[in-house]
Amino acid sequence: MRIGMIGLGRMGGNIVRRLMRAGIGCAVYDRDPAPGQDLAKDGAVPAGDLRALVASLDAPRTLWVMLPAGAITEATVTELATLLSPGDTIIDGGNTFWKDDIRRARELKAKDLHYVDVGTSGGVWGLERGYCLMIGGETEIVQRLDPVWKALAPGRGTIPETAGRDGHDHRAEFGYIHAGRVGAGHFVKMVHNGIEYGMMQAFAEGFDIMRHANSEVLPEDERLDLDLPDIAEVWRRGSVVSSWLLDLTAAALATDPALEGFSGHVEDSGEGRWTIQAAVAEAVPAHVLTAALYTRFRSRETESFAEKMLSAMRKGFGGHVEKPAK
C-alpha cells in the first residue's frame, strides 16, 4: 500500500514518518519543497505538484490532505477532484467543519470519488505516541484503509481494558474508530476539542486560585505560599485529575514557575466555536465549554496567569507559539 500526503507541517510530516515505519509507502507534496526533500531521506517520494503526486500512485489512489481548515483545504480538494479517477479516495485529516465534509462527499460522489474525514488527535507528539483517530466515511472504504489507521493509532499500550466492552468495536481499544457516515469523524473531533477547552480552563483557573492563595487581600494568617510546580507534579501521580494536560502543565511550571515566557494571549482554532454552535442547534446546555471559549476571547484584551497556563498547554501538545496582538 502507498498513499499520497499533501501538507507536510507539524502533523503531516510525522504522519508520513509513522506510516513509513509501518511499511506503508508515501508519496508527498508541500508547497515548500524542503520538508519533502527531508522526508525523501527516509524513503518518501516527493512530488513537484499535485498532478505529479497523483501520477506517482497506483489505482485505486488514496490522497491524504493535512492542511489548515478553510480555503487552502477547499482549493486542494477541488483540484484533486479534477486529477483523480473513479474509485480514488480523498482523506481530510485536518480540523475541517463537519458540514463541509458532507458537502464535499456529495460533490465527489458525482464523480465516483470517495471521501473520508478523519479527526486526528495527538499533536506534535503523534510520531512517538500515535494518533487517536475518529473516522467518518463509507464502511467499505474505511475498512480497506484499515492498515493506515492501525499504523497511525497508538495501539493498546499499557492502558488496561475497560470492563463490559464485550460486543463493542475492538478498534477503539487500539486508538481509532469508524465513528459513522461522512462528517462523523470531524464532528466527534470537534466535540473532543470543545471538551479540551473546558479541561484546560479548569486546570488554568485552579492553579490561578492557588497562585493567589498568598494574596494581600486575605487575612495574614490565612495566606498560603504554595509551590505550584510541586503541586502539579504530585497530582500527576495517582490523583483523580491526572492526565496528559496535567503532564504538560507540570513540565511548563517546572522550567518557568511564573510562566513569564508565555503571553497569556490564547487563540482558538475553530472547533470550540463549532461545538457551541452544535450545542445551540441541538438545544443542549454547554455552560463549561461556552465559558472556556469566551475566556479565550477575553484573553486577547486582558491577560492573566490562567491564560498564560492555557498558552503553555497549547504549546506543549500542539507546538503553538502565541504572541499578543499588536
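Anything mentioned here points back to the structure above.
It should be emphasised that the depicted structure is a prediction, and the values quoted were computed from it without experimental measurement.

Draft legend 1. Seen up close, the overall build of the chain. Secondary structure assignment for the chain yields 14 helices and 8 strands. For 326 residues, the compact-globule estimate of 2.2 N^0.38 gives 20 Å, and the C-alpha radius of gyration of the chain, at 22 Å, lies within 12% of that figure. Across its three principal directions, the C-alpha atoms of the chain cover 75 × 45 × 40 Å. A buried classification covers 48% of the 326 residues belonging to the chain.

Draft legend 2. Looking closely at the packing of helix 9 (residues 184-211) against helix 10 (residues 228-235). Packing of helix 9 against helix 10 brings their axes to within 11 Å, and their N-to-C directions diverge by 135°. Taken together, the axis directions place helix 9 and helix 10 in an arrangement best described as oblique. Classified by chirality, the crossing of helix 10 by helix 9 is right-handed. The residues of helix 10 that touch helix 9, namely those facing Phe207, Met210 and Arg211, are Leu228, Ile231, Ala232 and Trp235. The residue makeup of the contact of helix 9 with helix 10, split by class, is 6 nonpolar, no polar and 1 charged.

Draft legend 3. Just the environment of alanine 55, in detail. With respect to the element layout, alanine 55 can be found in helix 3 (residues 50-55). Measuring from C-alpha to C-alpha, the distance between alanine 55 and leucine 83 comes to 8.9 Å, with 28 residues separating the pair along the chain.

Draft legend 4. Spotlight on the sheet that holds strand 3 (residues 45-46). In spatial order, the strands read 3-2-1-4-5-6-7-8; together these 8 strands make up an open sheet with mixed pairing. Single-partner strands in this sheet number two, and they are strand 3 and strand 8 (176-180). Contacts from helix 9 reach strand 5 (89-92), strand 6 (114-121), strand 7 (132-136) and strand 8 within the one sheet, and its direction differs from that of strand 6 by about 20°.

Draft legend 5. Spatial organisation of the nonpolar core. By size, the foremost hydrophobic cluster in this structure holds 29 residues, and its most contacted members are Val16, Leu19, Trp64, Val148 and Trp149. Those elements that provide at least two residues to this core are strand 1 (2-6), helix 1 (12-21), strand 2 (25-29), strand 6, strand 7, helix 7 (139-144) and helix 8 (146-152).

Draft legend 6. Inspection of helix 1 at higher detail. The element helix 1 is extensively covered by neighbouring structure, given that 8 of its 10 residues are classed as buried. The set of residues buried in helix 1 consists of Gly12, Gly13, Asn14, Ile15, Val16, Arg18, Leu19 and Met20. Among the residues trailing helix 1, glycine 23 stands out with phi positive, at a value near 90°.

Draft legend 7. Region of interest: the pattern of salt bridges. Across all of its chains, the model carries 22 salt bridges by this definition. Among the ionic pairs, arginine 61 bridges to aspartate 88, the shortest N-O distance being 2.9 Å. Placement of the pair is arginine 61 in the loop between helix 3 and strand 4 (62-65) and aspartate 88 in the loop between helix 4 (71-83) and strand 5, with a sequence separation of 27 residues. A single burial state applies to arginine 61 and to aspartate 88, both of which are buried. Here the residues in one salt-bridge network are Glu74, Asp92, Asp100, Arg103, Arg104 and Glu107, joined through shared partners.

Draft legend 8. Expanded view of the packing of aromatic side chains. The tally for this structure, following the rule as stated, stands at 6 aromatic pairs. Judged by centre distance (5.0 Å) and plane angle (45°), the rings of phenylalanine 97 and tryptophan 274 are tilted. Here tryptophan 274 lies in helix 12 (residues 271-282) and phenylalanine 97 lies in the loop between strand 5 and helix 5 (98-109), a separation of 177 residues in the sequence. Among the residues examined, tryptophan 274 registers a relative accessible area of 18% and is labelled buried. Plain terms: the ring middles of phenylalanine 207 and tryptophan 235 are 5.4 Å apart, the flat faces sit at 65° to each other, and that makes the pair edge-to-face.

Draft legend 9. Layout of the environment of arginine 129. Along the polypeptide, arginine 129 turns up in helix 6 (residues 126-129). For the pair arginine 129 and proline 154, spaced 25 residues apart in sequence, the C-alpha to C-alpha distance is 5.9 Å. In contact with arginine 129, not counting residues within four places along its chain, are Arg18, Pro154 and Trp244.

Draft legend 10. Layout of the side chain of serine 263. Mapped onto the fold, serine 263 is located in the loop between helix 11 (244-255) and helix 12. Classification of serine 263 as buried rests on a relative accessible area of 13%. Only 3.0 Å separates the side chain of serine 263 from the backbone nitrogen of histidine 265, close enough to count as a polar contact.

Calculation notes
Residues numbered from 1 in each chain as written. Predicted model: local features only at pLDDT ≥ 70, side-chain atom pairs only at ≥ 80, totals over all residues. Heavy atoms only, no water. Helix = DSSP H or I, 4+ residues; strand = E, 2+ residues; numbered from the N terminus. Rg over C-alpha atoms; globule rule 2.2 N^0.38 Å. Buried < 20%, exposed > 50% of the residue type's maximum accessible area, 1.4 Å probe, protein only. Axes fitted to C-alpha atoms, helices over the stretch in contact; angles between N-to-C directions. Parallel < 35°, antiparallel > 145°, perpendicular 65-115°, else oblique. Left-handed = near helix turned anticlockwise from the far one by under 90°. Contact = heavy atoms within 4.5 Å. Nonpolar A, V, L, I, M, F, W, Y, C, P; charged D, E, K, R; others polar. Pairing = 2+ DSSP bridges. Core = buried A, V, L, I, M, F, W, Y, C linked by side-chain atoms within 4.5 Å. Salt bridge = Lys/Arg side-chain N within 4 Å of Asp/Glu carboxyl O. Phe/Tyr/Trp six-rings, centres within 6.5 Å; stacked < 30°, edge-to-face > 60°. Polar contact = N/O pair within 3.5 Å; in protein donor to acceptor, adjacent residues only side chain to side chain.

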